[in-house]
Structures are given as C-alpha cells and as structure tokens.
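# Tertiary structure, described
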Amino acid sequence: LARAAHWDEEREIDEFTFPAMFARRAMHYKDAFDVTEEDLARATVKAYSNASKNPYAHMREVDMTLEQAASAGENNPNETLKPHLKMSDCSQVSDGAAALILASEEGLEQLGIDKSETTEIVSYGHASNPLGEVDDYTELSTTKKAAEEAYQDSELSQDDIDVCEVHDCF
C-alpha cells in the first residue's frame, strides 16, 4: 500500500511513495502555519482515544500519549520526510466493511422502509487528480473543488453543516 500511487510519474518521490506524499504535505503545512509536532499529535491522540471507545476498532487497546504521537518517525528511511510522518499518523490496514443502499422514494416503498428512517442525499461533489500534481501543499485542492461543487448544487454553505465525517489515510 505504501506504493499506492501513479507508479510511472510518482515513484521518484520516495521509496514509500504514498506516505511520502502526505509527509511532504505535513512538512509544508507545518512551515506555512507554524504548526508543531505536538499540535498535529493532538489529532492522533484524539483518534486513538475515540477508537478505545469502539468495541470494533482495530487499535482500541492502544493508549497513545501526546509524547508518543509527537515522536519522530523512526521507520521512515527518508531523512527529509522522516520528521513529518510517524507510524501513529497512518491509518491501519483493516478488513472493515461498509454498505450503502441508494434508493428512490419508490424503491424505499418497495423495500418497506419509511422515508423518515433514511438520510437524504441532497448533493455531492467529485474531483480527482494525480496526488503528485500539487500546486499548494497546504491545500487539498481536489477536496475543495468537490466541496464547492456540492455546496453550489445544494445551495448550502459550510455554515449549514453540523457534522462532517471524513477519511484521511495519513
């Protein structure tokens, strides 16, 4: 998985291409916004703490401290990127699963599901590009583009959002 990138164009970045791309982003972000290892480690500690409350979490038995989360990435052979991505910053490889059923109101009726028991999708946005093609390492431009598309389509704004669940592998 460490090489889950566009091999022909991005393999020169680092032996572990995919993690290196995110380490590079962290390096630029920390520099641009004067963010410390401890600042970033707080997110890691929070994630492990939340996992400890979930009986199905992959690493729920791990008690991560701020000091542990902020320590250097000893396993990364790239000296430039080593301080910017630690093992505790990487999502776990897991055999989890999720399912989503998309259905029209007619489909819900056929399934015998009341509309009040569902979540309505009012919009979505989609954008992609090769991870190595980055204009600004402190911004997730494709995420921004997809969000803008969804907001425009739905006529909502970020002020209308109470909860947002996102995934990031690093």
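Keep in mind it's a predicted model, so treat the numbers as computed, not measured.

Our next topic: the overall build of the protein. Secondary structure summary: the protein contains six helices and zero strands in total. Across the protein, helices and strands are ordered from the amino to the carboxyl terminus as α-α-α-α-α-α. For a compact globule of 170 residues, the expected C-alpha radius of gyration is about 15 Å, and the protein comes in at 19 Å, more than 25% above that figure. Its C-alpha atoms put the protein at 60 × 40 × 35 Å along the principal axes. Here the protein, with 170 residues, has 24% of them falling under the buried criterion. Considering only residue pairs separated by 6 or more positions, the protein has 59% of its internal contacts joining residues 24 or more positions apart.

A word on the nonpolar core. Counting residues in hydrophobic clusters, the biggest one holds five residues: Ala-20, Ala-23, Leu-81, Leu-85 and Cys-90. Ignoring sequence-local partners within four residues, the contact set of Ala-20 consists of Ile-13, Asp-14 and Leu-81.

Here we come to a negative patch on the surface. On the surface, Asp-8, Glu-9, Glu-133, Asp-135 and Asp-136 cluster together into a negatively charged patch. As for its placement among the helices and strands, Asp-135 is situated in the loop between α5 (105-111) and α6 (141-154).

Quick look at the side chain of His-84 now. Following the sequence through the fold, His-84 ends up in the loop between α4 (66-70) and α5. With a relative accessible area of 14%, His-84 lands in the buried category. A polar atom in the side chain of His-84 sits 2.8 Å from the side chain of Lys-30. Filtering out sequence-adjacent residues up to four positions away, His-84 remains in contact with Ala-23, Ala-26, Met-27, Lys-30, Glu-37 and Asp-89.

The rules behind these values
- Residues numbered from 1 in each chain as written.
- Predicted model: local features only at pLDDT ≥ 70, side-chain atom pairs only at ≥ 80, totals over all residues.
- Heavy atoms only, no water.
- Helix = DSSP H or I, 4+ residues; strand = E, 2+ residues; numbered from the N terminus.
- Rg over C-alpha atoms; globule rule 2.2 N^0.38 Å.
- Buried < 20%, exposed > 50% of the residue type's maximum accessible area, 1.4 Å probe, protein only.
- Contact = heavy atoms within 4.5 Å.
- Core = buried A, V, L, I, M, F, W, Y, C linked by side-chain atoms within 4.5 Å.
- Patch = residues over 30% accessible without salt bridge, like charges linked within 9 Å, V, L, I, M, F, W, Y side chains within 5 Å.
- Areas by Shrake-Rupley, 256 points an atom, 1.4 Å probe, with all protein chains shown as cover.
- Salt bridge = Lys/Arg side-chain N within 4 Å of Asp/Glu carboxyl O.
- Lys, Arg positive; Asp, Glu negative; His and termini not counted.
- Charge placed at Lys NZ, Arg CZ, Asp CG, Glu CD.
- Polar contact = N/O pair within 3.5 Å; in protein donor to acceptor, adjacent residues only side chain to side chain.

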